[in-house]
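# Understanding the architecture of this molecule
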Amino acid sequence: MFYEPVVDEPVLAGSFIFCRAHGCEFCHECFSDHRFTNNFQIMDKLYAAFPALTEAYFMVWYNKSAHDRPPISYVFDKAVARTSQHSRKLLEYECKEHHALNCPTCFNWAAIAIENIKRQAKVKNSKVIPVDIPKEEKLKFLKSMGVDLSPATRLPNDTMERKFRCAIDASQSLTTLIAKAPFDPSNLPLWSKKTCKKSLLETVGRGNVKEGFANFQARLEGRSNAWDLYENPFMDVRQTIMGLANGLDNGAKTAIIQDKETAYAICIRVVEVYMLNDETPVMVILYCRGTRDSPAYETFDWVQQVITDGKSPVLEGTATPEEQKLLLAVLNANARRLSSTYSVKRNPTGTEATFALSFLLPLGPINQRDIARLTHHTGCVVCGGKTVSKCSQCLAMEYCGAECQRVHWKEHKPTCNSVQGGEWVEVTFSMYPTKMRLVAAKGNKVSMATWNNMSRPTMDNMRVRSYEDEPPLPPNIHSQNLFLIKMQREIAPGMPQIMIYDRTRSIEVYLCHDLDSKGHEKTMAQMHTGQMGLKIYRWAKRTSGDKLSVCLNKAPPKDPQW
């Protein structure tokens with residue numbers, strides 16, 4: 001029997017009623033489900049939109065389907081209260097935008113309900129758990145991953161979504177580890193404590209030199225970690241995955257991850273763990289989501305079962321709603337890559353019937369090249385459209401027209417002003433660092449291995465280059481435009497060489513004291529202003545084949561993350 005208990009008086013917005021505490025049709029916390037009552041108000045429109053459905057589908061009290069319509073939630077985001085003229089107990093709400101009680105635009109509940117039903121039908125045929133991530137949250141998630149896009153960006157939604165998914169892939173090194181989709185983990189060897197030299201927790205840990213320095217500095221300051229919990233969603237998801245691995249090391253195959261207010265939760269069961277290689281485990285996972293404002297019959301049954309079962313410990317974790325959304329985005333992205341023929345054994349009681357199947361790889365910082373690729377796009381800096389003009393002061397920013405330039409000016413103004421009145425110094429660069437140039441001058445073959453501080457210092461991330469002769473000068477893709485360069489000194493005493501490169505590494509050269517002592521000394525004099533005294537970002541312009549004009553004494557207002 002389904003019933004509609006109400007612990008306090010509801011509120012009225014338009015013709016629909018919602019719980020007073022949260023503004024939701026359905027609310028676990030308030031023990032209320034107002035969909036049955038609200039359906040009476042829109043029956044004619046529901047019948048018209050779904051003629052194949054009978055009255056029983058929407059109205060029969062004991063029919064579970066009557067309560068399957070996705071509830072409308074959090075109406076207080078678009079409504080404000082005023083006292084009802086008909087009842088002192090019942091609060092009426094008017095829309096914020098038009099200050100109307102029955103606003104046909106803001107309170108068009110029939111249209112919203114019908115759209116929700118259609119969306120739910122599509123989701124039921126997909127392999128993922130739906131999660132709504134608006135543009136502002138995508139930008140925040142990308143920034144937490146090191147991909148810092150302009151808050152004023154007008155990039156199309158599909159472009160933004162593509163960057164977001166590519167960032168998720170890059171954080172897992174997915175295209176390197178799993179070359180082709182669909183992916184079938186059952187072809188891989190199983191992970192086990194007996195066959196693996198390291199614990200699962202040790203194998204999922206990922207980091208780079210930059211994070212190592214940051215954590216070292218934090219410990220010197222008396223802090224345990226450079227990043228506080230619940231401030232950086234990407235760091236928090238990485239911690240959650242490490243927590244899952246630690247739980248598996250201790251026999252916990254199920255996990256309940258929820259926020260402090262217990263309004264949002266993700267239920268997880270790790271089905272199996274495979275090994276892609278000696279350092280990369282693949283955790284195959286069944287997962288489901290529960291929220292305060294949506295029915296979750298199977299989730300409740302699953303939680304009750306795993307807690308009362310007692311066969312293995314249950315890992316309980318805390319994660320903000322934002323972190324949960326990012327974790328779901330990772331799981332959903334990976335779920336789409338699984339082979340359609342791959343399946344796992346689910347709980348025989350049926351409580352996992354609606355759970356989605358996915359996998360998790362270790363998450364780590366995105367490497368420098370991927371960050372450069374994800375933050376770079378041709379076209380208007382705001383919307384990505386075809387460019388027709390540039391900023392007349394710095395000539396570095398390109399726009400599709402006056403409107404995007406006007407929108408971007410508040411953000412661009414500090415950067416634009418940062419090059420005005422600066423000291424421009426012309427420097428001569430070399431394609432080789434000093435020692436390599438001296439060796440090559442003797443007719444010897446030269447090889448050089450490097451990796452950057454945004455990558456894990458492993459053999460896989462090492463870049464090896466060999467030359468018979470000094471390579472040719474890089475092409476000038478920037479023409480006469482200004483562009484940002486990173487100038488990074490060698491960690492060595494004396495007169496260390498300085499590596500120079502741009503975001504896309506179209507130019508990757510060296511400033512050496514023996515070739516340009518003046519430019520080298522002036523650059524070294526500015527190093528103390530940069531990160532840990534090792535690197536600075538500056539505006540530059542290519543003046544000739546092996547020369548750059550650099551605005552040395554004026555830093556951009558904010559260092560880019562590449």
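Residues numbered from 1 in each chain as written. Predicted model: local features only at pLDDT ≥ 70, side-chain atom pairs only at ≥ 80, totals over all residues. Heavy atoms only, no water.

Going by what an unreviewed UniProt entry lists, the protein chain is known as MYND-type domain-containing protein and is assigned to Lentinula detonsa.

## What to know about the overall build of the protein chain
In terms of helices and strands, the protein chain carries 16 helices and 21 strands. Once local pairs closer than 6 in sequence are excluded, the contacts in the protein chain between residues at least 24 apart make up 66%. Carbon and sulfur atoms make up 53% of the accessible area of the protein chain, which totals about 28200 Å². (Helix = DSSP H or I, 4+ residues; strand = E, 2+ residues; numbered from the N terminus. Contact = heavy atoms within 4.5 Å. Areas by Shrake-Rupley, 256 points an atom, 1.4 Å probe, with all protein chains shown as cover.)

## Details of the side chain of N215
With respect to the helices and strands, N215 occurs in helix α9 (residues 209-220). Within polar-contact distance, the side chain of N215 engages the backbone nitrogen of A226 at 3.0 Å. What N215 contacts, discounting residues up to four positions off in sequence, is N225, A226 and W227. (Polar contact = N/O pair within 3.5 Å; in protein donor to acceptor, adjacent residues only side chain to side chain.)

## A closer look at empty space enclosed by the protein
Tallying each qualifying case throughout the model produces 2 cavities of 30 Å³ or more. Taken together, Q368, R369, A372, Y501, D502, R503, R505 and W562 form the lining of the second largest cavity. Among the secondary structure elements, those contributing two or more residues to the lining of the second largest cavity are α13 (368-375) and β18 (498-502). At 3 residues, α13 tops the list of elements feeding residues into the lining of the second largest cavity. Of the residues in the lining of the second largest cavity, the class split is 3 nonpolar, 1 polar and 4 charged. (1 Å grid on protein atoms, 1.4 Å probe; cavity = no way out; pocket = protein on both sides within 12 Å on 5 of 7 lines; lining within 4 Å. Points joined across faces, edges and corners; volume = space filled by probe spheres on them. Nonpolar A, V, L, I, M, F, W, Y, C, P; charged D, E, K, R; others polar.)

## Some thoughts on the environment of G290
Relative to the helices and strands, G290 is located in strand β9 (residues 280-291). Residue classification places G290 among the buried positions, given a relative accessible area of 12%. Distance from G290 to A263, taken between C-alpha atoms, is 8.2 Å for residues 27 residues apart in sequence. Setting aside residues up to four positions removed in sequence, G290 forms contacts with A263, Y264, A265 and A296. (Buried < 20%, exposed > 50% of the residue type's maximum accessible area, 1.4 Å probe, protein only.)

## Regarding the nonpolar core
One finds F164, I268, M283, I285, Y287 and L360 to be the most contacted residues of the largest nonpolar core, which totals 69 residues. A per-element tally of this core places helix α12 (residues 321-335) first, with 8 residues. Setting aside anything within four residues of it in sequence, one finds I268 in contact with L244, K253, T254, A255, I257, I285, L286, Y287 and W302. (Core = buried A, V, L, I, M, F, W, Y, C linked by side-chain atoms within 4.5 Å.)

## Some words on unusual backbone geometry
With an omega dihedral of 0°, the bond running from A181 to P182 counts as a cis peptide bond. By the secondary structure assignment, P182 is in the loop between α7 (174-177) and α8 (200-204). Despite not being glycine, Y230 shows a phi value in the positive range, around 70°.

## Section: the packing of helix α6 (residues 157-171) against α13
Where α6 contacts α13, the axes come no closer than 10 Å and their chain directions differ by 180°. Comparing the axis directions of α6 and α13 gives the class roughly antiparallel. Contacts between α6 and α13 involve K163, C166, A167 and A170 from the former and D370, R373 and L374 from the latter. Taken together, the residues that form the contact of α6 with α13 break down as 4 nonpolar, no polar and 3 charged. (Axes fitted to C-alpha atoms, helices over the stretch in contact; angles between N-to-C directions. Parallel < 35°, antiparallel > 145°, perpendicular 65-115°, else oblique.)

## Here's the deal with the pattern of salt bridges
Any two side chains of opposite charge can pair, on the condition that their charged atoms come close. Tallying each qualifying case throughout the model produces 16 salt bridges. Residue R292 pairs with E29 through a salt bridge whose shortest N-O separation is 3.3 Å. Highlighted residues: R292 in the loop between β9 and α11 (297-309) and E29 in the loop between β3 (26-27) and β4 (32-33), separated in sequence by 263 residues. Judged by its relative accessible area of 45%, E29 falls in the partly exposed class. Linked through salt bridges whose partners overlap, the residues forming this network are K138, E161 and R165. (Salt bridge = Lys/Arg side-chain N within 4 Å of Asp/Glu carboxyl O.)

## Quick word on the side chain of E352
Relative to the assigned elements, E352 resides in the loop between α12 and β11 (356-360). For E352, a relative accessible area of 1% translates into the label buried. Polar side-chain contacts of E352 include one of 2.7 Å to the side chain of R269. Residue contacts for E352: discarding those within four places in its chain leaves R269, L286, W302, R346 and N347.

## Some points on the packing of aromatic side chains
Applying the stated criterion to the full structure yields 9 aromatic pairs. Considering the side-chain rings of F36 and F40, the 5.6 Å spacing of their centres and the 90° angle between planes classify their relative orientation as edge-to-face. Look at F36 and you get buried, because its relative accessible area is 12%. Centroid distance F76 to Y93: 4.9 Å. Interplanar angle 20°. Geometry classified as stacked. Here Y93 lies in strand β6 (residues 91-95) and F76 lies in the loop between α3 (55-59) and β5 (79-83), a separation of 17 residues in the sequence. Of the residues examined, F76 reaches a relative accessible area of 21% and is grouped as partly exposed. (Phe/Tyr/Trp six-rings, centres within 6.5 Å; stacked < 30°, edge-to-face > 60°.)

## Topic: the sheet that holds strand β21 (residues 547-551)
Pairing in this open sheet of 6 strands is antiparallel, and the strands run β14-β21-β20-β17-β18-β19 from one edge to the other. Looking at which strands have only one partner, the edges of the open sheet turn out to be β14 (424-428) and β19 (508-511). Sheet twist, expressed as the average angle between the axes of neighbouring strands with direction ignored, equals 40°. Bridging between strand β17 (residues 483-489) and strand β20 (residues 535-544) involves 6 bridges; their strand directions are antiparallel. Pairing of M487 across the sheet is with I536, part of β20. (Pairing = 2+ DSSP bridges.)

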